[in-house]
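Here are the chains, one letter per residue:
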Amino acid sequence: MPQIVVLTGAGISAESGVPTFRDADGLWEGHRVEDVATPEGFDRDRATVQRFYDERRAALRTVEPNAAHRALAELEETLGEGLLVVTQNIDDLHERAGSRNVIHMHGELLKAMCRSCGAVVPWEGTLADEPVCPKCGAADLRPDVVWFGEVPYEMDRISDALADAALFVSVGTSGAVYPAAGFVQHARRHGARTLELNLEPSEGSHFFHESRQGRAGELVPAWVREVFWG
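Residues numbered from 1 in each chain as written. Predicted model: local features only at pLDDT ≥ 70, side-chain atom pairs only at ≥ 80, totals over all residues. Heavy atoms only, no water.

The name an unreviewed UniProt entry assigns to the protein chain is NAD-dependent protein deacylase, from the organism Nocardioides simplex. The UniProt entry for the protein chain carries the following text under Function (unreviewed entry): "NAD-dependent lysine deacetylase and desuccinylase that specifically removes acetyl and succinyl groups on target proteins. Modulates the activities of several proteins which are inactive in their acylated form." As its UniProt record puts it under Sequence similarities (unreviewed entry), the protein chain is described as follows: "Belongs to the sirtuin family. Class III subfamily." (UniProt positions renumbered as here; feature names shortened; annotations may be inferred.)

(A) The UniProt feature "binding site: substrate" (unreviewed entry) in the protein chain, seen in detail. Using the residue numbers shown here, the UniProt feature "binding site: substrate" (unreviewed entry) corresponds to Tyr53 and Arg56. Among the structural elements, tyrosine 53 can be located in helix α4 (residues 46-59). With respect to the helices, strands and loops of the structure, arginine 56 is situated in helix α4. (Helix = DSSP H or I, 4+ residues; strand = E, 2+ residues; numbered from the N terminus.)

(B) Quick peek at the sheet that holds strand β7 (residues 120-122). With antiparallel pairing, the three strands of this open sheet are ordered in space as β7-β6-β8. Looking at strand neighbours, the two that pair on one side only are β7 and β8 (141-145), the edges of this open sheet. Between one strand axis and the next, the sheet turns by 45° as a mean value, whatever way the strands run. Sheet analysis places strand β6 (residues 107-114) next to β8, joined by five bridges and oriented antiparallel. What sits directly across from methionine 113, in β8, is arginine 142. Taken strand by strand, α4 contacts β6 and β8, and its axis lies near 50° from that of β8. (Pairing = 2+ DSSP bridges. Axes fitted to C-alpha atoms, helices over the stretch in contact; angles between N-to-C directions. Contact = heavy atoms within 4.5 Å.)

(C) Local environment of the packing of aromatic side chains. Following the criterion strictly, the structure yields four aromatic pairs and no others. Relative to tyrosine 53, the ring of phenylalanine 52 has its centre 5.0 Å away and its plane inclined at 85°; by these criteria the two rings are edge-to-face. Residue phenylalanine 52 shares its accessibility class with tyrosine 53, and that shared class is buried. With centroids separated by 6.2 Å and ring planes inclined at 15°, the aromatic side chains of phenylalanine 168 and phenylalanine 208 adopt a geometry described as stacked. Taken together, the residues span a long stretch of sequence, with phenylalanine 168 in strand β9 (residues 167-171) and phenylalanine 208 in the loop between β10 (193-198) and β11 (210-213) at a distance of 40 residues. According to the relative accessible area criterion, phenylalanine 168 is buried, its value standing at 1%. Clustering of aromatic rings is evident, with ring pairs tying together Phe42, Phe52, Tyr53 and Trp147. (Phe/Tyr/Trp six-rings, centres within 6.5 Å; stacked < 30°, edge-to-face > 60°. Buried < 20%, exposed > 50% of the residue type's maximum accessible area, 1.4 Å probe, protein only.)

(D) Quick peek at the packing of helix α5 (residues 67-79) against helix α9 (residues 216-229). Where α5 meets α9, the axes come as close as 7 Å, and the angle between the chain directions of the two elements is 20°. It follows that α5 is roughly parallel to α9 by the angle criterion. Of the two elements, α5 crosses α9, and the hand of that crossing is left-handed. Judged by residue contacts, Ala67, Ala68, Ala71, Leu72, Glu74, Leu75 and Thr78 of α5 engage Ala216, Gly217, Val220, Pro221, Trp223, Val224, Val227 and Phe228 from α9. Its residues assigned to classes, the contact of α5 with α9 shows 12 nonpolar, two polar and one charged. (Parallel < 35°, antiparallel > 145°, perpendicular 65-115°, else oblique. Left-handed = near helix turned anticlockwise from the far one by under 90°. Nonpolar A, V, L, I, M, F, W, Y, C, P; charged D, E, K, R; others polar.)

(E) Local environment of the UniProt feature "active site" (unreviewed entry) in the protein chain. As recorded in UniProt, the sites labelled "active site" (unreviewed entry) are His106. Mapped onto the elements of the fold, histidine 106 is located in the loop between β5 (102-104) and β6. Take histidine 106: its relative accessible area is 14%, and that puts it in the buried class. Apart from the residues lying within four places of it in its own chain, the contact partners of histidine 106 are Thr87, Gln88, Ile90, Asp144, Val145, Val146 and Pro152. Within the local environment of histidine 106, its side chain forms a polar contact with the backbone oxygen of glutamine 88, the two atoms lying 3.2 Å apart. (Polar contact = N/O pair within 3.5 Å; in protein donor to acceptor, adjacent residues only side chain to side chain.)

(F) Looking closely at the sheet that holds β9. As summarised here, the arrangement of the six strands in space is β5-β4-β1-β9-β10-β11, forming an open sheet in which the pairing is parallel. Of all the strands in the sheet, the pair left with one neighbour each is β5 and β11. Pairs of neighbouring strands in the sheet enclose a mean axial angle of 15°, with direction left out of account. Where β10 and β11 come together, four bridges link them in parallel fashion. Along β11, the bridge assignment pairs asparagine 198 with glutamine 213. Against the sheet, α5 touches β1 (4-8) and β4 (83-87), its axis set at about 145° to β4. Packed on one face of the sheet, α9 meets β1, β9, β10 and β11 and runs near 150° to β10.

Written out as structure tokens, the structure reads:
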């Protein structure tokens, strides 16, 4: 089991140019979250939701991992399975930086899920033109993204990792969205040290043993150097 569990949120990818989840006015890229990030929104206007995620998927090609992603990948090279990255992000920047031991608790933009057969398949093209599922042939694909009202992926594995971890680190998260916002308390109950690395104190900062403020691209490499050199 991992000795270190790192939770990453929108703040780490924002420094690569990926927009954060929602703006101050509550909109996500100009859309109401209820319209593009809920099963009900998909049922109401499937075409709009498919186009929305098609645009996000295409935009991924224009961004690159930053120093924070690369530092975590470097740490994994040394610790191996002793490091687990749990990300709330649906981009592939951790993997492109070199990380392999990653859980995407909210799904992945570069995958599609068939609502007819349940298959999850890699997907880099569009979904707005309603292509068929390569497994069953049904034209019933949707983004493999966990929307509000749906259960995040691999929660049992995450819970077990938090219970066994010696250190829990949260990077670039708001501390407002559950269940991820409760990870720090879960880890502390089982004896882990806890560290927050965030642009500003999150809503859950008071739960951490230590909270550092600044850019992820500076804080994460500095923390990794501490792990290596003490």
